[in-house]
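Survey of secondary and tertiary structure
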Amino acid sequence: MNNKNKCKIILLTGYLGSGKTTLLQYILKVQNLYQVAVIQNEFSDEMGIEAPLMVDNNGDIFDSFFELPNGCICCSAKGQLMTAIQYFIEKKPNIQFIIIESNGLADPSSLIKELWADQGLNLPAELATIVGLIPSHKFKTLYELEIFRKQIIHADLLLLNFQDLCKEDDINLIEKQLKIINPNSKLIKSVRAQIDIQNIFESEKADNKIFDQEHIHFEEVGNINKIFLNINTPNITQQEWNIKIGQMLWEEGLNIMRIKGLLFCKDEQFMYSLQGVEDIFEITPTNLAISNQQSISKILIIGQQITEELIKNIILNH
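We now turn to the structure provided with this report. Because the structure is predicted, anything quoted here is derived from the model rather than measured.

Quick look at the overall build of the chain now. The helix and strand tally for the chain stands at 9 helices and 13 strands. Here the chain holds 318 residues, and 53% of them are scored as buried. Considering only intrachain contacts with a sequence separation of at least 6, the fraction spanning at least 24 residues in the chain is 76%. Taken as a whole, the chain presents about 14,800 Å² of accessible surface, with 47% of it coming from carbon and sulfur.

To continue, consider the pairing of strand β13 (residues 296-304). Every regular strand shows the same layout, with side chains that alternate between the two sheet faces. Most of β13 sits inside the fold, with 8 of its 9 residues counted as buried. For strand β9 (residues 224-232) and β13, the ladder comprises 8 bridges, and the chain directions are antiparallel. Bridging across to β13, Asn 230 finds its partner in Lys 298.

Next up on the list: unusual backbone geometry. Of note in this structure, Phe 162 is not a glycine but carries a positive phi near 60°. Structurally, Phe 162 can be placed in the loop between β6 (157-161) and α6 (168-181). Of note, the phi angle at Arg 192 is positive, near 55°, even though the residue is not glycine. Here Arg 192 lies in the loop between β7 (186-189) and α7 (198-201).

Take the packing of aromatic side chains next. Taken as a whole and judged by the stated rule, the model has 7 aromatic pairs. With 5.8 Å between their ring centres and 70° between their planes, Phe 139 and Phe 148 make a pair best called edge-to-face. Of the aromatic side chains, those joined through ring pairs into one cluster are Tyr 34, Phe 97 and Phe 201.

Lys 20, Thr 21, Leu 23, Leu 24, Ile 27 and Leu 28 are the residues of helix α1 (residues 20-30) that are buried. Mapping the buried residues of α1 onto a view down its axis gives an arc of 160°, with all of them on the same face.

Following the criterion strictly, the structure yields 6 salt bridges and no others. Measuring nitrogen to oxygen at the nearest pair gives 3.1 Å for the salt bridge that ties Lys 150 to Asp 107. In this pair, Lys 150 is assigned in helix α5 (residues 146-153) and Asp 107 in the loop between β4 (97-101) and α3 (108-120), connecting sequence segments 43 residues apart. For Lys 150, a relative accessible area of 13% gives the class buried. In this structure, the salt-bridge partner of Glu 278 is Lys 150, at a minimum N-O distance of 3.6 Å. Taken as a pair, Glu 278 in the loop between β11 (270-277) and β12 (280-289) and Lys 150 in helix α5 lie far apart in primary sequence, 128 residues in all. The exposure class of Glu 278 is partly exposed, given its relative accessible area of 24%. Each of Asp 107, Lys 113, Lys 150, Glu 278 and Asp 279 takes part in one network of salt bridges that share partners.

Helix packing geometry: the angle between the two helix axes and the distance between the axes. It is at 9 Å that the axes of helix α8 (residues 238-250) and helix α9 (residues 308-316) come closest, and there the two elements cross at 150°. When the interaxial angle is binned, α8 and α9 end up roughly antiparallel. Judged by the sense of rotation from one axis to the other, the crossing of α8 with α9 is right-handed. Mapping the contact onto sequence places Trp 241, Lys 244, Gln 247 and Met 248 in α8 and Ile 311, Ile 314 and Ile 315 in α9. Split into classes, the residues belonging to the contact of α8 with α9 amount to 5 nonpolar, 1 polar and 1 charged.

The next thing to look at is the side chain of Lys 20. Tracing the chain through its elements places Lys 20 in helix α1. Leave out the neighbours within four places in its chain, and Lys 20 touches Leu 12, Thr 13, Gly 14, Tyr 15, Glu 101, Ser 102, Asn 103, Gly 104 and Leu 133.

This paragraph deals with the environment of Ile 315. Considering the arrangement of structural elements, one finds Ile 315 in helix α9. Classification of Ile 315 by relative accessible area gives buried; the value is 0%. When the C-alpha atoms of Ile 315 and Ile 236 are compared, they prove to be 8.7 Å apart, with 79 residues separating the residues in sequence. When residues no more than four places from it in sequence are discounted, the contact partners of Ile 315 are Leu 229, Ile 231, Thr 233, Ile 236, Trp 241, Lys 244, Met 248 and Ile 299.

So, about the environment of Asp 164. Inspection of the secondary structure puts Asp 164 in the loop between β6 and α6. Overall, Asp 164 belongs to the partly exposed group, its relative accessible area being 47%. Along the backbone, Asp 164 and Ser 190 are 26 residues apart, and their C-alpha atoms lie at a distance of 8.2 Å.

Here is what the cut-offs are and how they apply
- Residues numbered from 1 in each chain as written.
- Predicted model: local features only at pLDDT ≥ 70, side-chain atom pairs only at ≥ 80, totals over all residues.
- Heavy atoms only, no water.
- Helix = DSSP H or I, 4+ residues; strand = E, 2+ residues; numbered from the N terminus.
- Buried < 20%, exposed > 50% of the residue type's maximum accessible area, 1.4 Å probe, protein only.
- Contact = heavy atoms within 4.5 Å.
- Areas by Shrake-Rupley, 256 points an atom, 1.4 Å probe, with all protein chains shown as cover.
- Pairing = 2+ DSSP bridges.
- Phe/Tyr/Trp six-rings, centres within 6.5 Å; stacked < 30°, edge-to-face > 60°.
- Arc of directions from axis to C-beta.
- Salt bridge = Lys/Arg side-chain N within 4 Å of Asp/Glu carboxyl O.
- Axes fitted to C-alpha atoms, helices over the stretch in contact; angles between N-to-C directions.
- Parallel < 35°, antiparallel > 145°, perpendicular 65-115°, else oblique.
- Left-handed = near helix turned anticlockwise from the far one by under 90°.
- Nonpolar A, V, L, I, M, F, W, Y, C, P; charged D, E, K, R; others polar.

Have a look at this one:
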């Protein structure tokens, strides 16, 4: 199936109490442009609490809603999730977006890898964007939790929610910290998760962004490191990039949590997108033409026990 015809998946992540369900209710209430289905991950198969509260912009109960009980969609319930996606697409062929709300304790990395793997097996849907909700008033406490930091790292769009419960100085500090740990995400502030929802449906995919930094930059937050490379790679082909990224993730013992980038590939007319989570990655063509014959590749790596010297050696050595 052509990617242009695939249903788009929007993944909502965020810790318990971050406002995911409030955002979901708001989206369904105000949007009337798209055919949307919802999959929500619950902790119990007897809850059934949220479905009656979901209404569309006409005030009618939203019927394209599926509660996925008993298990986390990033582990024990993964098979059920894929079945639910297939069900919606088969029963409602005009569906344009499936919004998946993960539970607050879910590690998004496993789910992202699963969706990428199934895309390769002709899943009739593709992961379009990952929205991470941040409860501003709980940020300082939650930041100590690894799962909370992972939810930040993997987001394309970060929604800084409950800003009305924080002082302006505190919000500014949170923004700075979020930009350090995930500098390529889009950041939006909100109260009760009310935003312009086109930021979600028309979110610019990470693989089409041009990173705006122009130099190598290394920062550390806690035990999480960030490396940004803006590097000339005129002689590396797409196949060679696959080998080099595979070496980073599989052979060097590096703890890479997230890798993304725009790659110049020798003998190609367009830039290529790099997207990776832990030990899974993909390199795919974009519609971004190579400008002025420049052979610059831009790569962002977030992880632990990573050094720019080692990464550069892998990329530049033949």
